[in-house]
Amino acid sequence: MSVSEIYKKTLKFGFIKMGIQGVVLAVSLVTLAICAGLGALLKSSTISLILLLVWIIVTAVVYRMALSYMGYMIRAAHVAIVSKAVTEGVIPDNMVEVGKQMVQERFGATNTYVVINHLINGAVRQLQNVVNRVDNLLDGIPGVDKLMDVIKVFLRIFLGYIDECCLGYTFYKKGEDAFKCGCDGVVIYFQNAKHLLKSALVTSVLVVVLTFISWFAPFLIFAGLLKLFGLSSAYGVAAVISILIAIAVKEAFIDPFILVQTMTAYMEVAPQTEITVDLYDKLSGMSAKFKELLGRARREVGNVI
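Note that the coordinates shown come from a computational prediction; the quantities given were computed from them, not determined experimentally.

## As for the overall build of the protein chain
Helix and strand counts for the protein chain come out as 12 helices and 0 strands. The helix and strand sequence of the protein chain, counted from the amino end, reads α-α-α-α-α-α-α-α-α-α-α-α. Looking at the protein chain residue by residue over its 305 residues, the buried ones come to 45%. Counting contacts in the protein chain only where the partners sit at least 6 residues apart, residues at least 24 apart contribute 79% of the total. Only carbon and sulfur atoms are counted for the fraction: they give 66% of the accessible area of the protein chain, which is about 15400 Å².

## Description of the confidence of the model for the protein chain
Chain-level pLDDT for the protein chain is 80 on average; 86% of the residues reach the 70-or-more range. Of all helices and strands in the protein chain, the one with the weakest mean pLDDT is helix H6 (residues 144–159) (66), whereas helix H1 (residues 3–9) scores best (91).

## Some thoughts on the pattern of salt bridges
As enumerated under the stated definition, the model contains 8 salt bridges in all. A salt bridge links Glu88 to Lys84; its shortest N-O distance comes to 3.1 Å. Of the two residues, Glu88 and Lys84 both sit in helix H3 (residues 45–88), 4 residues apart, roughly one turn of that helix. A salt bridge links Lys180 to Asp184; the nearest nitrogen and oxygen atoms lie 2.7 Å apart. Of this pair, Lys180 and Asp184 both sit in helix H8 (residues 178–191), 4 residues apart, roughly one helical turn. Just as Lys180 is buried, Asp184 falls in that class too. When salt bridges that share partners are traced, they join Lys173, Glu176, Lys180 and Asp184 into one network.

## Section: the packing of aromatic side chains
To describe a pair of aromatic rings, one takes the distance between the centres and the angle between the planes. Tallied over the entire structure, the rule returns 9 aromatic pairs. Ring centres of Phe212 and Phe216 lie 5.3 Å apart, and the angle between their planes is 10°; this geometry places the pair in the stacked category. Of the two residues, Phe212 and Phe216 are both situated in helix H9 (residues 193–228); the distance of 4 residues between them amounts to about one turn of the helix. On the accessibility criterion, Phe216 (34% relative accessible area) is partly exposed. Site record: aromatic cluster; members linked through ring pairs are Phe212, Trp215, Phe216 and Phe219.

## Focus: the nonpolar core
By size, the foremost hydrophobic cluster in this structure holds 62 residues, and its most contacted members are Phe107, Ile120, Ile162, Tyr266 and Phe290. The element best represented in this core is H3, accounting for 10 residues. Those residues in contact with Phe107 that sit more than four places away from it in its chain are Thr112, Tyr113, Ile116, Leu167, Thr170, Phe171 and Ala178. Counting residues in each nonpolar core, the second largest holds 13 residues, with Trp55, Ala238, Ile241 and Ile245 among its members.

## Observations regarding the environment of Leu196
Within the element layout of this structure, Leu196 appears in helix H9. Its relative accessible area of 2% is what places Leu196 among the buried residues. With 68 residues separating them in the primary sequence, Leu196 and Thr264 have C-alpha atoms 9.9 Å apart.

## Considerations on the state of the cysteines
Using the criterion set out here, one finds 0 disulfides in the structure. Not engaged in a disulfide, the cysteine Cys166 finds its nearest cysteine sulfur in Cys165; these two sulfurs lie 6.8 Å apart.

## Overview of the side chain of Thr170
Within the fold, Thr170 resides in helix H7 (residues 162–172). At 2.5 Å, the side chain of Thr170 and the backbone oxygen of Leu167 are in polar contact. Aside from chain neighbours lying at most four places away, what touches Thr170 is Arg106, Phe107, Ala178, Cys181 and Gly182.

## A word on a nonpolar patch on the surface
Taken together, the side chains of Val205, Leu206, Val209, Leu210, Phe212, Ile213, Phe216 and Leu220 make up a nonpolar region of the molecular surface, amounting to roughly 700 Å² of accessible area. Mapping Val205 onto the fold places it in helix H9. Of the residues examined, Val205 reaches a relative accessible area of 57% and is grouped as exposed.

## A short note on helix H2 (residues 11–42)
The first and last C-alpha atoms of H2 sit 46 Å apart over 32 residues, in line with the 46 Å expected at 1.5 Å per residue. Regarding H2, the residues found buried are Leu11, Phe13, Gly14, Lys17, Ile20, Gln21, Val24, Ser28, Thr31, Leu32, Cys35 and Gly39. Residue Lys43 follows H2 closely and has a positive phi angle near 50°.

Thresholds applied
Residues numbered from 1 in each chain as written. Predicted model: local features only at pLDDT ≥ 70, side-chain atom pairs only at ≥ 80, totals over all residues. Heavy atoms only, no water. Helix = DSSP H or I, 4+ residues; strand = E, 2+ residues; numbered from the N terminus. Buried < 20%, exposed > 50% of the residue type's maximum accessible area, 1.4 Å probe, protein only. Contact = heavy atoms within 4.5 Å. Areas by Shrake-Rupley, 256 points an atom, 1.4 Å probe, with all protein chains shown as cover. pLDDT = per-residue confidence, 0-100. Salt bridge = Lys/Arg side-chain N within 4 Å of Asp/Glu carboxyl O. Phe/Tyr/Trp six-rings, centres within 6.5 Å; stacked < 30°, edge-to-face > 60°. Core = buried A, V, L, I, M, F, W, Y, C linked by side-chain atoms within 4.5 Å. Disulfide = S-S within 2.5 Å. Polar contact = N/O pair within 3.5 Å; in protein donor to acceptor, adjacent residues only side chain to side chain. Patch = residues over 30% accessible without salt bridge, like charges linked within 9 Å, V, L, I, M, F, W, Y side chains within 5 Å. Expected span 1.5 Å × (residues − 1).

Next comes the structure, spelled out in structure tokens:
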């Protein structure tokens, strides 16, 4: 199946995420209206500032709660279905239910998935720090800082979907231990870096442009409307609201496209990849989190990797 076909047929997961974000945005706007009303009644700049901070805290807490469990499960189910689509060419009609069932069957308990996802994410962040150290060594050379900023954005996109690709690989290798598959998945990702970098390069520009548009357009609209109502902190409030909208659009439409494109590129080469054993030790030396993931895998299946 093509990337566009898988993307369109699995867009339901994006709409579910957007629904979750919509609830967060609705709670945020209601809280803002209440805080703004109280601030107008009390006519105190100090209290208005406190109420603004209350609004930001409530929004952050609700956002965190909404995504802490529900977001994990929806994303994992999406990964499971994309993996099935790429390797089997099949997308079930009841994809959400099938995806959730695949997650439960593969990991047994949600916390196992969360642990593996956390370890892979931690390993990726530590590997990104290698780039930061290179940036520090080159600090002071004219023009290099701007180039490194561009490279960092590109690498964030390239490395940002390793966990999904590795989890997709665990669904493909469903007969093997999940921790071992997680380790194998990371190694396979880096062995095929050249192939995957080409895919990431195409999406990098698209992500930056679309993300900026999805933030800037709502910012202009809300800043104008709030200015009409005479809100003193119109630009700050508009910035926060537009960020929430941009996040919703990104998670509903942009992220699923990147996920499908990256996973498709990965799953097309992963089954045929001959794993290079020495990469396990090299990655362990670069990342303590990967070393921990490898240790968990060896405890589960023995010292076979």
